[in-house]
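Structure assessment
For reference, the chains in residue letters:
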Amino acid sequence: MTADVRPGPATTRRDRAIRVGGVACALAAAAVVVHGDLGAASGWWLAVDVAGGAVACGALWLARRWPATMALVAVALAVPAASASVAAGIATLMTALYRRSAVAIAVGAAWVAATLARFWLRSPGLAPYPVWALVAVLFGVALTGWGMLARARRQLVLSLEERVRRAEEEQRRRVEQARHAERLAIAREMHDVLAHRLSLLALHAGALQFNARADPEEVVEAAAVVRSSAHQALQELRQVISVLREAPVLAELDLHALVEEVRQAGMEVEMRDGGVRLPGLPGQTARAAYRIVQEGLTNARKHAPGRPVTVRLDGGPEQGLAIEVRNPVVHAPRGEGAGLAGMRERAELAGGRVEQAGMDNGEFRLAVWLPWPV
């Protein structure tokens, strides 16, 4: 059983036009009935018709706000006053439109009973009473059924509109989550890529500052290195901007080139790759491994400048890829910074885990395991 629909007062131009149209139809029908009774009905029947029709039309004006109550008033008036019958029928239809099924059926049954009683008291003629009784029943069923059907259709439309609204809100929420994920991805890429490149740039610039009195050729060479590092930083910044659209090409993920670049900056790095080549790994695993090694070297350069670093890769298909970065510590890191947090997130997104990121026998040890499916 469906619930009531409370339309409230007419507020739109369409609502007011429907209300005025209904009352006008009821008044016109009442006028026709009264005009027909001018020569046939007695004086008191005519007075009842006029008064009943007027009151029923007034009740119809209020039927939008109180449909069931006003419909019962008009139905009761339709028993002695034939001029109230059309207003009673319209009010019955409005009850079926705005009230639950049980109330609509009850009001429809009251309208049929009132019509049968009026036909019994004042037969319209032209046909025997059973015919008019059948007409009254059919018309009452048609009014109530039409109103209930229209109400069910309207509720279906409202339900679909609510579903559309919820779907739009859900879509808007997903878009916001996607935007948040994009911002996190950009922040992670900027930290992993630019922090590495800019730390190299700062290292070369510092060397240039301390060796300002060196030979002009050495100064020019150092300045060229700084300029080249700045240019590469700009290139990698462009790659960061496009990271959400397409992943880096696997062929560009060369750990040996990365280690060689760090060595040229003055770091002592020992590379043990165990025969692992990143382009031969699954794409997500390869990219995660490259960024993890890059972040490990950046942390080592930050917290242990001038100390040797060992990078080790080992593993195989189904066994997984083990990554380890070790270095003696000069300035022990306090807590877990953004780099290690981003590294954990990157490893988890690739299906792996950070097994250790802390001190081990006087060295800082970073150990990560990544899946390596066949």
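All figures in this text were calculated on a predicted structure; none of them were measured in a lab.

Scanning the chain from terminus to terminus reveals ten helices and five strands. The buried share among the 374 residues of the chain stands at 37%. A separation of at least 24 residues holds for 71% of the contacts in the chain among residues at least 6 apart in sequence. Looking at the chain as shown, the accessible area adds up to about 21000 Å², and 61% of this sits on carbon and sulfur atoms.

Before going further, it helps to spend a moment on the pairing of strand 5 (residues 363–370). Counting buried residues in strand 5 gives six out of eight residues, a clear majority hidden from the surface. Here eight bridges tie strand 3 (residues 320–328) to strand 5, and the two strands are oriented antiparallel to one another. Counted as the bridge partner of Val 325 is Leu 366 from strand 5. Across seven bridges, the pairing between strand 4 (residues 353–360) and strand 5 is antiparallel. What sits directly across from Met 359, in strand 5, is Phe 364. The antiparallel pairing of strand 4 with strand 5 creates a hairpin that spans two residues between the two strands, and Asn 361 there sits at a positive phi of about 55°.

This part takes up unusual backbone geometry. With a phi angle near 70°, Glu 318 is a residue other than glycine that sits in the positive phi range. Mapped onto the secondary structure, Glu 318 falls in the loop between strand 2 (309–316) and strand 3.

Under the counting rule described, the total for this entry stands at 14 salt bridges. Among the ionic pairs, Arg 166 bridges to Glu 162, the shortest N-O distance being 3.1 Å. Of this pair, Arg 166 and Glu 162 both sit in helix 6 (residues 129–210), four residues apart, which is roughly one turn of the helix. The partner of Arg 365 in a salt bridge is Glu 324, with the nearest N and O atoms 2.6 Å apart. Taken together, the residues Arg 365 in strand 5 and Glu 324 in strand 3 connect sequence positions 41 residues apart.

Okay, the nonpolar core next. Ranked by size, the top nonpolar core spans 36 residues in total, and within it Val 311, Leu 313, Leu 321, Ile 323, Leu 366, Val 368 and Leu 370 carry the most contacts. For this core, the secondary structure elements donating two or more residues are helix 8 (255–264), strand 1 (269–272), helix 9 (283–303), strand 2, strand 3, helix 10 (338–349) and strand 5. The element contributing the most residues to this core is helix 9, with eight residues. In this view, Leu 366 contacts Ile 292, Gly 296, Ile 323, Glu 324, Val 325, Leu 340, Met 343, Val 354, Gln 356 and Ala 357; residues no more than four positions away in its chain are not counted. Among the nonpolar cores identified, the runner-up in size contains 20 residues, and Leu 60, Met 70, Ala 84 and Met 94 belong to it.

Attention shifts here to the packing of helix 3 (residues 67–78) against helix 5 (residues 101–121). At a minimum axis distance of 8 Å, the contact between helix 3 and helix 5 shows a crossing angle of 10°. Taken together, the axes of helix 3 and helix 5 are roughly parallel relative to one another. Where helix 3 abuts helix 5, its residues Ala 68, Ala 71, Leu 72, Val 75 and Ala 78 lie against Val 103, Val 107, Ala 110, Trp 111, Ala 114 and Arg 118. In terms of residue class, the contact of helix 3 with helix 5 is built from ten nonpolar, no polar and one charged.

Once that is clear, we can look at a negative patch on the surface. A surface patch of negative charge is lined by Asp 215, Glu 217, Glu 218 and Glu 221. Structurally, the position occupied by Glu 221 is in helix 7 (residues 216–241). Note on Glu 221: relative accessible area 55%, which makes it exposed.

We now examine helix 5. The terminal C-alpha atoms of helix 5 lie 30 Å apart, and with 21 residues this matches the ideal 30 Å at 1.5 Å per residue to within 8%. For helix 5, the full list of buried residues reads Ser 101, Ala 104, Val 107, Gly 108, Trp 111, Val 112, Ala 114, Thr 115, Arg 118 and Phe 119. In an axial view of helix 5, the angular spread of the buried residues amounts to 165°, which keeps them on one side of the axis. Among the exposed residues of helix 5, those pointing more than 90 degrees away from its buried face are Trp 120 and Leu 121.

Here we take up the UniProt feature "coiled-coil region" (unreviewed entry) in the chain. The residues that UniProt annotates with the feature "coiled-coil region" (unreviewed entry) are residues 150–177. Across residues 150–177, helical content stands at 100% and strand content at 0%; the span's end C-alpha atoms are separated by 41 Å.

To continue, consider helix 9. Between its first and last C-alpha atoms helix 9 spans 30 Å; for 21 residues at 1.5 Å apiece the expected length is 30 Å, and the two agree. Most of helix 9 is tucked away, with 16 of its 21 residues classed as buried.

Our next topic: the sheet that holds strand 5. Ordered by their spatial adjacency, five strands build an open sheet running 1-2-3-5-4, and the pairing between neighbours is mixed. Two strands bound the open sheet, and with one partner strand each, they are strand 1 and strand 4. Averaged over all pairs of adjacent strands, the angle between strand axes in this sheet comes to 10°, irrespective of strand direction. Those strands touched by helix 8 are strand 1 and strand 2, and its axis lies near 170° from that of strand 1.

A few words now on the environment of Asp 254. Along the polypeptide, Asp 254 turns up in the loop between helix 7 and helix 8. Sequence separation of Asp 254 and Leu 278 is 24 residues, and the distance between their C-alpha atoms is 7.0 Å.

Looking now at the environment of Gly 352. As for its placement among the helices and strands, Gly 352 is situated in the loop between helix 10 and strand 4. According to the relative accessible area criterion, Gly 352 is buried, its value standing at 13%. Note: C-alpha distance between Gly 352 and Ala 288 (64 residues apart in sequence) is 9.5 Å. Residue contacts for Gly 352: discarding those within four places in its chain leaves Ala 347, Trp 369, Leu 370 and Pro 371.

How each quantity is defined
Residues numbered from 1 in each chain as written. Predicted model: local features only at pLDDT ≥ 70, side-chain atom pairs only at ≥ 80, totals over all residues. Heavy atoms only, no water. Helix = DSSP H or I, 4+ residues; strand = E, 2+ residues; numbered from the N terminus. Buried < 20%, exposed > 50% of the residue type's maximum accessible area, 1.4 Å probe, protein only. Contact = heavy atoms within 4.5 Å. Areas by Shrake-Rupley, 256 points an atom, 1.4 Å probe, with all protein chains shown as cover. Pairing = 2+ DSSP bridges. Salt bridge = Lys/Arg side-chain N within 4 Å of Asp/Glu carboxyl O. Core = buried A, V, L, I, M, F, W, Y, C linked by side-chain atoms within 4.5 Å. Axes fitted to C-alpha atoms, helices over the stretch in contact; angles between N-to-C directions. Parallel < 35°, antiparallel > 145°, perpendicular 65-115°, else oblique. Nonpolar A, V, L, I, M, F, W, Y, C, P; charged D, E, K, R; others polar. Patch = residues over 30% accessible without salt bridge, like charges linked within 9 Å, V, L, I, M, F, W, Y side chains within 5 Å. Lys, Arg positive; Asp, Glu negative; His and termini not counted. Charge placed at Lys NZ, Arg CZ, Asp CG, Glu CD. Expected span 1.5 Å × (residues − 1). Arc of directions from axis to C-beta. UniProt positions renumbered as here; feature names shortened; annotations may be inferred.

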